[in-house]
Amino acid sequence: MNNCDYNRNENSIITYINQNITIMDGGMGTQLQSCGLSCNEKTESWNISHPDEVQNVHLSYLKAGANIIATNTFGANPLKYSDDELENIITSAVNIANCAKNEYIKTTPHTQEVFIVLDIGPLGKLLKPLGDLEFEDAVNAFAKIIKIGSKLNIDALFFETFTDNYETKAAIIAAKENSDLPIFVSNAYDENGKLLSGTSPREAVTILEGLGADALGMNCSLGPKELIPIAKKYLSYSSTPVILKPNAGLPVVVDGNTVFNTTDDEFAEIVAKLVKDGIRMCGGCCGTTPEYIRKLNSKIENIQPVPIDKKNITSVASSAKTCIFDNKCILIGERINPTGKKKLKQALIENDDAYILNEALIQVEKGADILDVNVGIPDIDESEKLPNLITKIQSVTSLPLQIDTSDFKAMEKSMRIYNGKPLVNSVSGKQSSMDKVFPLLKKYGGVLIALTLDENGIPETAEERVEIAKKIIKEAAKYDISPADIIFDPLALTISADANSGKTTLKAVKMLNNMGLKTSLGVSNISFGLPNRPEINRTFFTLCLNNGLSAAIINVNSEEMMNAFLSYNALNGLDENFEEYINKNISTSQKTQAVTTENTLKNAVFKGLCDESADLTKSLLKTCEPLDIINEHIIPALNLVGEEYDKQRIFLPGLLMSANAASAAFAEIKAFYPDRKPTKEKVALATVKGDIHDIGKNIVKLMFENYGYDVMDLGRDVSPETVLDCVKRNDIKLVGLSALMTTTVPAMAETIKLIKSNVPDCKIIVGGAVLTQEYADEIGADFYAKDALTGVRIAESLH
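Note that the structure is a prediction, hence the values are computed from the model and not measured.

Participant: Help me understand the overall build of the protein, please; the structure alone is not making it clear to me.
Facilitator: Within the protein one finds 30 helices and 25 strands. Over its C-alpha trace the protein gives a radius of gyration of 28 Å, about what one expects of a compact globule, namely 28 Å for 799 residues. Taken along its principal axes, the extent of the C-alpha atoms in the protein is 80 × 70 × 50 Å. By residue count, 59% of the 799 residues in the protein fall in the buried class. Once local pairs closer than 6 in sequence are excluded, the contacts in the protein between residues at least 24 apart make up 75%. Carbon and sulfur atoms provide 48% of the accessible area of the protein, an area that totals close to 31900 Å². Averaging the positions of the 81 positive and the 104 negative side-chain charges in the protein gives two centres separated by 3 Å.

Printed below as a string of C-alpha cells:
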C-alpha cells in the first residue's frame, strides 16, 4: 500500500462539531476478528501485517456516514511496545486512515466532512498511590504516543475507554505539553454508573472540563440502553460537546461465537433519542458494525443539534466527590494550616504524617466539605512537602482539597499531582500574581480563591474591593477563565484594629453576591486580638451567611460555629427534613457510624492509615498471637470496608487504601514471624492472552492476599498453556482470569476449555469490564465476579 497524502480541510473539527451532529465510527477490534484476527494477535499489529483489512474497515464506516474515524491504535503504548515498534504501528495506522479517507473522497459521492482522530487507550496499570505506576511515568508514556501522532495527519486526540480519571489527567497533561490538537475524552462506566476509581459523571465532567477537554463522554462496557441515565447526567452537567459510543449491547455466546444482544435497529433508535436530548457526537464501540452506523446516520439525519449551553457551575472535585458552590455555604476545614497551631507545626517538621492525616479525618467526621492544606512554615520546602502531603491526604479521604500556598512552585506541583479539580488559594489583584497563577489554572484546572487586594494593598471600602474583583475577572478572561471558576475573598480584617472592618466586609460580600459572584472568607480573622473569640466568630459567621457567603474557612471542630451553621440552614430551608440539624443533635449512641476515632488497628485499617496500622500491629505483637491479630482486628476491618463498599458508601480507592493498610499490618507480622506462611490455599491469577490491562487482576491479588491466600500472579498477556502449566505444577484448585477487551475474551474461553479438559476439578472465576454472568456461564466459567470483593467471597464460600 502506498503512502497517502492528506490535505486538512479548512474547517476545523471543533468548528464542525460545534455546528453539527457528528457521527463517529464503530468497533474496530470486533470487525477485525470477523476478518480473521485471532486471540493470539494484537489488534494494532494488523496495521503492519494486514493494512488492507484495516483500511477496509475505515472505508466501510465512512461509506456508512461516519464523520470521524479513529486510528487502529487503541492498545499501542510504550508499556507494550518498544519505541521503534510504537512509532511504526502509529505511523502505519495514521497512514491507513488517511488512505481510507482519500479513497472515500475519490470514489464515493459524499456530503459529510471527514476527520481522523488518534485513538489512545489506557495504559493498563493503576497509578500510585493505589497502584504502582508513577503519575509522571504515565505522563511520559502518553507523551511518547502523542509526539508520534501529532506530527502526522490527524485532527484530534481521542482518549477512550478510560476508567480512572487520574490516568486521564496524566494523558491530558501530556497532550497539552506535546500538542495543540483538540482533546476528546470518553470514559467506560460500570453498571452502577461509576468508573473504576469511584468517579461519577458529575466528577468526570467537573474534572475534564477543568482540564480543558474539548469534548467528553462515554463508550464501551455497556449498551445504549444501560448508558441512557449516564448520558443524561453528562448532558445536564456539561458545557462541552458530549460523546456517546455504546457497545452493541452486552456480549453473549451463540453457537460458540461471541455476539451482542442489541440489534442495529434498536441501537440506532436509542442513540437517536439521546441525540434529540443533546448528544453531539455519536457512534459505536464493541460489537457495532458499519450497518449500525449506517442505520444511526439514517435515524438522525433530520435531527437538529441541541445548542450546547454554558452551565456556569462553580465546583471542585476529588476523584469520587464533587463540591458545588450554590445556595448552601461550603465549609472549608482550616485545621491543616500551621498558623497558630503548635502541634501541627511540630508534625510538619518531624514528618509526623499520622497526626496530620488524623486531623484530616476528624474534620471529615465533623462535617467539612473541603479541607484546606497549608504547610507554610520556615525551613520547610513547600514545593516538596505540599504535593507529597496532598497525595497522602487524598489517599485517606474523598473530600476535595484546597491547595493553600503563596509559593508558586509548590502551587504548580500540587495542582499537577492533585487527583481532581482543586480549590486553589490564592490569586490577588496584583498583576504579578495574576501573571503567575492564571496560566496554572488554565493548564491544570481548578477554582481560584481571589483576594480583593492589589499593588496598593487592601482597600478600605467595599466598593474598592469590588472594583478589584472586576479587574481580576477582566484579566482572567484573557486566559478564557470563567468567573464561575473564581471565588472572591473580600477579606475579613480584625475589628480590634478597625471597628468598621466587619461592616465593610459584610457589605462587600453582599455586593459580590448581588453580582452573581461567589465569595469566601477566613472567618476567624475578624476576632484577632480580642477575648472570647468564638462568640464573635460565630456571630460574624451568621451575618456573613445572611449576606450570601458562598464558602467559609472555619474550624469545623468548633461546636459554636457548627451550631450556628446548622441552625442557619434549618431556618432558611437549606436542610431538607432538618436531617443535618437532627443528626447533629441526637445522642451519640443513636448514630450509626461504622467506626469511631478510637485508636485501634481495626480503625486504622478501615481508614486506610498505613503507617498507623503498622505501628499498632507492632504494639499488638508484644502481647497477642499473629493469628489473633489477623482474625480479631485485620479481617473484621476488611469485612467492614466490604460492607461499606457494597452499600456504595465508599468506592474502590477507599477499598484499596484499606487493603494497603492491611498489607502494612501483615508486613509487620511477617517481619516479626518471618517463617509465617499464608493461612489458605494457593490461587492463580492471570490477565488472558492478548490483554495487557492488569488493573483488575492486581486489585484481586491484593484482596486475596489480605484474606490469607497464597497468590500466584502470572501477570498479563498470559497464554492458556502457561496458566494450565501453573495449575498442574502447583496443584491449584482455584484460578482467576481477567479480561478488559472484547477481543481478548475468546482467549479467556480457550483458557477455560484447556484447564477444564486437563484439570476438571479446578474452579475458575472470571471478571472484567466486558463480562456478564450470562457470558461467564456460556464460556464455561464456574463463577463470575463483578469486582475483587466478590471474588474473595466466592473463594471463601468454597471452604
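After presenting the structure, the write-up continues.
Participant: Would you mind showing me how to read the nonpolar core here?
Facilitator: The nonpolar side chains of a soluble globular protein tend to be buried with one another. One finds Phe142, Phe159, Phe541 and Ile634 to be the most contacted residues of the largest nonpolar core, which totals 206 residues. Once residues within four sequence positions are removed from consideration, Ile634 is found in contact with Leu601, Ile629, Ala662, Ala665, Phe666 and Ile669. Counting 30 residues, the second-largest nonpolar core is a separate cluster that includes Val253, Val688, Leu724 and Val735.

Participant: Explain the pattern of salt bridges to me, please; I cannot follow it from the model alone.
Facilitator: Any two side chains of opposite charge can pair if their charged atoms end up close together. What the rule picks out here adds up to 40 salt bridges. For Asp309, the salt bridge is made with Lys311, and the minimal N-O distance between the two is 3.1 Å. Residue classification places Asp309 among the partly exposed residues on the basis of a relative accessible area of 42%. For the salt bridge of Lys689 with Asp717, the shortest nitrogen-to-oxygen distance reads 3.9 Å. Linking Lys689 in the loop between strand S21 (682–687) and helix H26 (695–706) with Asp717 in the loop between strand S22 (710–713) and helix H27 (720–730), this pair joins segments that are 28 residues apart in sequence. What emerges from the salt-bridge pattern is a single network uniting Glu136, Glu177, Arg416 and Lys443.

Participant: Just to check I follow, could you spell out empty space enclosed by the protein for this structure?
Facilitator: Over the atoms a probe the size of a water molecule is rolled, and this reveals where empty space is left. Inspection of the entire model under this criterion finds two cavities of 30 Å³ or more. For the largest cavity, the calculated volume is near 410 Å³. Taken together, 30 residues line the largest cavity, and the ones lying closest to its centre are Gly29, Phe74, Glu160, Cys285 and Cys286. Contributions of two or more residues to the lining of the largest cavity are made by helix H2 (29–34) and strand S4 (156–162). Taken together, the residues of the lining of the largest cavity break down into eleven nonpolar, 14 polar and five charged. Taken as a whole, the second largest cavity spans an internal volume of roughly 50 Å³. Residue lining of the second largest cavity: Leu37, Ser38, Cys39, Glu41, Lys42, Thr43, Lys80, Gly690, Met741, Thr743 and Thr744, and that is the complete set. Tallied by class, the residues present in the lining of the second largest cavity amount to three nonpolar, five polar and three charged.

Participant: Help me out: how do you make sense of the packing of aromatic side chains in this one?
Facilitator: Two numbers describe a pair of aromatic rings. These are the distance of the centres and the angle of the planes. In the structure shown here, the tally under the stated rule is ten aromatic pairs. An angle of 90° between the planes, with centres 6.2 Å apart, marks the rings of Phe142 and Phe159 as edge-to-face. Here Phe142, found in helix H6 (residues 135–150), pairs with Phe159, found in strand S4; they are 17 residues apart in sequence, far enough to count as distant. Since its relative accessible area comes to 0%, Phe142 is described here as buried. Judged by its relative accessible area of 0%, Phe159 is buried. Plain terms: the ring middles of Phe267 and Tyr292 are 5.3 Å apart, the flat faces sit at 80° to each other, and that makes the pair edge-to-face. Placement of Phe267 in helix H10 (residues 264–277) and of Tyr292 in helix H11 (residues 290–300) is noted, with a sequence separation of 25 residues between them. The pair Phe267 / Tyr292 is uniform in exposure class, with both members buried.

What counts, and at which threshold
- Residues numbered from 1 in each chain as written.
- Predicted model: local features only at pLDDT ≥ 70, side-chain atom pairs only at ≥ 80, totals over all residues.
- Heavy atoms only, no water.
- Helix = DSSP H or I, 4+ residues; strand = E, 2+ residues; numbered from the N terminus.
- Rg over C-alpha atoms; globule rule 2.2 N^0.38 Å.
- Buried < 20%, exposed > 50% of the residue type's maximum accessible area, 1.4 Å probe, protein only.
- Contact = heavy atoms within 4.5 Å.
- Areas by Shrake-Rupley, 256 points an atom, 1.4 Å probe, with all protein chains shown as cover.
- Lys, Arg positive; Asp, Glu negative; His and termini not counted.
- Charge placed at Lys NZ, Arg CZ, Asp CG, Glu CD.
- Core = buried A, V, L, I, M, F, W, Y, C linked by side-chain atoms within 4.5 Å.
- Salt bridge = Lys/Arg side-chain N within 4 Å of Asp/Glu carboxyl O.
- 1 Å grid on protein atoms, 1.4 Å probe; cavity = no way out; pocket = protein on both sides within 12 Å on 5 of 7 lines; lining within 4 Å.
- Points joined across faces, edges and corners; volume = space filled by probe spheres on them.
- Nonpolar A, V, L, I, M, F, W, Y, C, P; charged D, E, K, R; others polar.
- Phe/Tyr/Trp six-rings, centres within 6.5 Å; stacked < 30°, edge-to-face > 60°.

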